[in-house]
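Inside the fold
Spelled out from the first residue to the last, the chains are:
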Amino acid sequence: MKATEQDILQLESLYAGRRPFHGELHDHADTGGTSDGGKTLSHWRGALDGLKMDFASILDHKQVRHMYLPEWEDGVFLCGTEPEATITDSQATVKETHYNMHFENPRLLEQLLAEFPEYAFTGGPEGHFEYPGFTRERFGQLIDAVKAKGGFFVIPHPKQWMKSEYPIDYWYRDWTGLEVIYKDYRDIRPGKAYTAQNYELWTTLLAMGKRIWCCAGGDWHDVCHNTALTTLYATKRTNAEMIKPLRVGDFTCGGVGVRMCIGNTRSGGQCDFAGQRLVVCVSDFHDSLYIRGHRYRIDILDDQGVVASKEVSYADCANPIYMAMDVQDRHFYRVEVFDLTSNYRIALGNPIWQERS
């Protein structure tokens, strides 16, 4: 499990020039129009600073105007929107779902809305759109179009909105996100709390062979909190740079930095495992999770369960913690970070999957 100097150099070379950012991937503000948040962008800016958070995705409903306000600051606020869709499958079963679409800039979102007449998008900085109806096939085409424009697509609060008992109802395409930590990472009571329900759904989809990234989102409409953080590594705090790791799944669902590689493939990707080494680094705890006196555990998991664990102290976490191992013929590898003192998962790393011919 010990990482060699070569292992460490390999991982660090893949993240050269990047630094950690902690923030929120699902929020709403009071920006006029059809927005339904309770606080202005100016309030959000101050709240983020107070909580030592770097960014928030403001995903107001049915409009793009929030991204054109004078208070909007690139890199502090990430671009996007949260529509709702009514989806009809081949058996004429109707389901409703929300979905989050993140883009490098608002123009790309406007292009997408204009390309799908179902939105009836009125265009321009004050442009509004309607919640569309899609067939399941058409909804898949929408996801493909988001990805083709360099966007990042997430199904938010899955079990809290749809409540279906069929896992496949929550899956539309691989290489998209599923909101696992919702509202609060501490919601772990089986069958009762948001995060526990979504975690079970995500791990079930992984077991079914789906290649879905786990995400976090607070969906705050009132005030900002730091209990559903995302950690990503980017060269600088701009939309253009911060969306790069998001759209390939190279980020952590939680407030701890989990960086991982197998060969030259980082978290969220796929590669041939034959003859390769897995290298993991856990570091950059957000202040809210770096608690004096606490003990933590880092778990490496594959599709069969936990394959390696390491317990560390508060003091150990002041520096990067590296682990490495030879990989076996498995479907995927991923990492979890557990606060043993509080008895909570505080971070979920996205998998690297085996690429099979």
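Up top is the structure.
So, here's what we can say about the structure. (Residues numbered from 1 in each chain as written. Predicted model: local features only at pLDDT ≥ 70, side-chain atom pairs only at ≥ 80, totals over all residues. Heavy atoms only, no water.)

1. Concerning the sheet that holds strand β7 (residues 133-135)
Taken together, three strands build an open sheet; the order of strands is β5-β4-β7 and the sheet is mixed. Among the strands making up the open sheet, the edge pair consists of β5 (94-98) and β7. Going across the sheet, the axis of each strand differs from the next one's by a mean of 30°, ignoring polarity. Two strands pair when backbone bridges link them, and strand β4 (residues 84-88) and β7 are joined in this way by three bridges, in the parallel orientation. Its bridge partner being in β7, T86 is matched across the sheet by G133. With respect to the sheet, helix α4 (residues 136-148) is in contact with β4, β5 and β7, its orientation differing from that of β7 by roughly 100°. (Pairing = 2+ DSSP bridges. Helix = DSSP H or I, 4+ residues; strand = E, 2+ residues; numbered from the N terminus. Axes fitted to C-alpha atoms, helices over the stretch in contact; angles between N-to-C directions. Contact = heavy atoms within 4.5 Å.)

2. Describing helix α6 (residues 194-207)
With 14 residues, α6 should reach 20 Å at 1.5 Å per residue; the first-to-last C-alpha distance of 20 Å fits that figure. What α6 keeps buried is the set T195, A196, N198, Y199, L201, W202, L205 and L206. Just downstream of α6, G209 is the residue with a positive phi angle, here 90°. (Expected span 1.5 Å × (residues − 1). Buried < 20%, exposed > 50% of the residue type's maximum accessible area, 1.4 Å probe, protein only.)

3. A short note on the sheet that holds strand β16 (residues 277-283)
Across the sheet, which stays open at both edges, the four strands sit in the order β14-β13-β16-β19 with antiparallel pairing between neighbours. In the strand order of this sheet, the two ends are held by β14 (265-266) and β19 (321-326), each with one partner. Pairing analysis gives six bridges linking strand β13 (residues 257-262) to β16, with the strands arranged antiparallel. Its bridge partner being in β16, R259 is matched across the sheet by C281. The strands touched by helix α1 (residues 5-14) are β13, β14, β16 and β19; relative to β13, the strand with the most contacts, the crossing angle is about 110°.

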